[in-house]
Amino acid sequence: MRLRTVAGAVLLGLTACTTGPSLENRGEVTAPPGDSKHLTIGSAGFTESDLLAQMYAQLLNQAGYKTSLITVANRELYEPALESGQIDVVPEYAATFADWLNAKTDGPDAPPVGSPDLATTMRALRRLATPRGLTVLDPGRAVDQNAFAVTGAYARQHHLKTLSDLGASGLKVRLAAGDECVQRPYCEPGLKKVYGIDITGVDPKGVGTTQAKRAVQSGQDQMVLTTTTDATLDQFGLVLLADDRHLQNADYVVPVVNRARAGSERVTKALGKLNEVLTTADLASMNQQVDSWRRLAQDVARTYLGDKGLLK
């Protein structure tokens, strides 16, 4: 397994020469599932994507493939490379990728197709991906979506386990988040509409940033917008409140493959083994090992797969 980072300009030049299915052929799949011996695994360049790419590569190595890893942080570059076959496999997030492909296909003003319902989201994602020569494999249990956290002391004092509990409490809440939270339906508007939470203001400190978490830790704010795989909550004494009414979209981890090069049952079976074991908590733990403990993603991935009995 080889690791390489490709500059965006170089990859853009390559994708300009080789593209996926032509617009005339979109809507019909002409190529049979392929089974290339050497597969390139793409990573989006952040810790969690690196970990997933490493696990995919190691599972595919064990299944008899030679693999290379490539890091391309920009979806505008790596998705066309996936269509063209420069990249064969990439970890993605169901709702986010569905909405991205939808905007690419039908324009930036197209109504979103990602939703809190996983089955609905997967149908939309596969409908959009298939004409582009992409196959979306089944999701597992791991999901990386927006989440909201309060201090453990605050949760205990007010008997809070869910966002519904917070809404029912009538407490006034100042929220540490990105400034876009004021308009995004999953954030302030959704918290008010779906949960009845009394948001008194948004403190624009970013999504899951250290500054935002410290503001909640100190009591300056009462709640912070972060993600379900945030590995640092314990360091700030924070706990997640469950999204029990499913405000957030179904951003489950899904492998996406180039059908003509990696659409075989052997690839599907190798990557599917991860679905049986990988959880959101597992991802958070591995993120912490890389980000806080400074372990290499390759080593963390190998240890995890070995502990789960997926590597010989």
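Structure's up top.
Given the structure is predicted, the values throughout are model-derived calculations rather than measurements. (Residues numbered from 1 in each chain as written. Predicted model: local features only at pLDDT ≥ 70, side-chain atom pairs only at ≥ 80, totals over all residues. Heavy atoms only, no water.)

1. Structural notes on the sheet that holds strand 9 (residues 223-227)
- Within the open sheet, the five strands sit side by side as 8-7-9-6-10. Their pairing is mixed. With partners counted over all chains shown, the strands left at the sheet margins are strand 8 (198-204) and strand 10 (238-241), one partner each. Ignoring which end each strand starts from, the neighbouring axes of this sheet average 40° apart.
- Where strand 7 (residues 172-177) lies against strand 9, two bridges are found, and the strand directions are parallel. (Pairing = 2+ DSSP bridges. Helix = DSSP H or I, 4+ residues; strand = E, 2+ residues; numbered from the N terminus. Axes fitted to C-alpha atoms, helices over the stretch in contact; angles between N-to-C directions.)

2. Brief notes about the side chain of Asn102
- Here Asn102 is to be found in helix 4 (residues 94-106).
- Beyond its immediate stretch of four places on either side in the chain, Asn102 contacts Gly107, Ala110, Pro111, Pro112, Val113 and Leu128. (Contact = heavy atoms within 4.5 Å.)

3. Concerning the nonpolar core
- Ile41, Met55, Leu60, Leu274 and Leu278 are the most contacted members of the largest nonpolar core, which totals 34 residues.
- Those elements that place two or more of their residues in this core are strand 2 (38-43), helix 2 (47-62), strand 4 (89-93), strand 11 (253-258), helix 11 (265-275), helix 12 (280-291) and helix 13 (297-307).
- For this core, the element with the most residues is helix 2, which contributes eight residues.
- Formed by 24 residues, the second largest nonpolar core is a distinct cluster that contains Ile70, Ile87, Ala129 and Val256. (Core = buried A, V, L, I, M, F, W, Y, C linked by side-chain atoms within 4.5 Å. Buried < 20%, exposed > 50% of the residue type's maximum accessible area, 1.4 Å probe, protein only.)

4. What about the pattern of salt bridges?
- In total, this model carries 14 salt bridges according to the counting rule given.
- Put simply, Arg132 and Glu83 hold a salt bridge, and the shortest N to O gap is 3.1 Å. On the criterion of sequence distance, the pair formed by Arg132 in the loop between helix 5 (118-129) and strand 5 (134-136) and Glu83 in helix 3 (residues 75-84) is long-range, its members being 49 residues apart. Considered together, Arg132 and Glu83 belong to a single accessibility category, that of buried residues. (Salt bridge = Lys/Arg side-chain N within 4 Å of Asp/Glu carboxyl O.)

5. Overview of the state of the cysteines
- By the definition in use, this model includes one disulfide.
- A disulfide bridge connects Cys181 with Cys187, and the sulfur atoms are separated by 1.8 Å. Its torsion about the S-S bond being -85°, the disulfide of Cys181 and Cys187 is classed as left-handed.
- With a relative accessible area of 0%, Cys187 lands in the buried category. (Disulfide = S-S within 2.5 Å.)

6. Examining unusual backbone geometry
- Even without being glycine, His159 reaches a positive phi, approximately 55°.
- Locating His159 in the fold gives a position in the loop between helix 6 (152-157) and helix 7 (163-169).
- A positive phi angle, near 55°, is found at His246, a position not held by glycine.
- The topology assignment puts His246 in the loop between strand 10 and strand 11.
- Overall, His246 belongs to the exposed group, its relative accessible area being 55%.

7. Re the packing of aromatic side chains
- Under the defined criterion, the tally for this structure stands at two aromatic pairs.
- Directly above the aromatic system of Tyr65 lies the positively charged group of Arg266, at a separation of 4.1 Å from the ring centroid. (Phe/Tyr/Trp six-rings, centres within 6.5 Å; stacked < 30°, edge-to-face > 60°. Lys NZ or Arg CZ within 6 Å of the ring centre and 35° of its normal.)

8. Here's the deal with empty space enclosed by the protein
- Within the structure shown, the criterion is met by one cavity of 30 Å³ or more.
- Of the pockets and cavities examined, the largest cavity occupies roughly 60 Å³.
- Along its surface, the largest cavity is lined by Tyr56, Gly140, Arg141, Ala142, Val253, Pro255, Leu274, Asn275 and Leu278.
- Of all the secondary structure elements, the ones that give two or more residues to the lining of the largest cavity are strand 11 and helix 11.
- Taken together, the residues that form the lining of the largest cavity break down as six nonpolar, two polar and one charged. (1 Å grid on protein atoms, 1.4 Å probe; cavity = no way out; pocket = protein on both sides within 12 Å on 5 of 7 lines; lining within 4 Å. Points joined across faces, edges and corners; volume = space filled by probe spheres on them. Nonpolar A, V, L, I, M, F, W, Y, C, P; charged D, E, K, R; others polar.)

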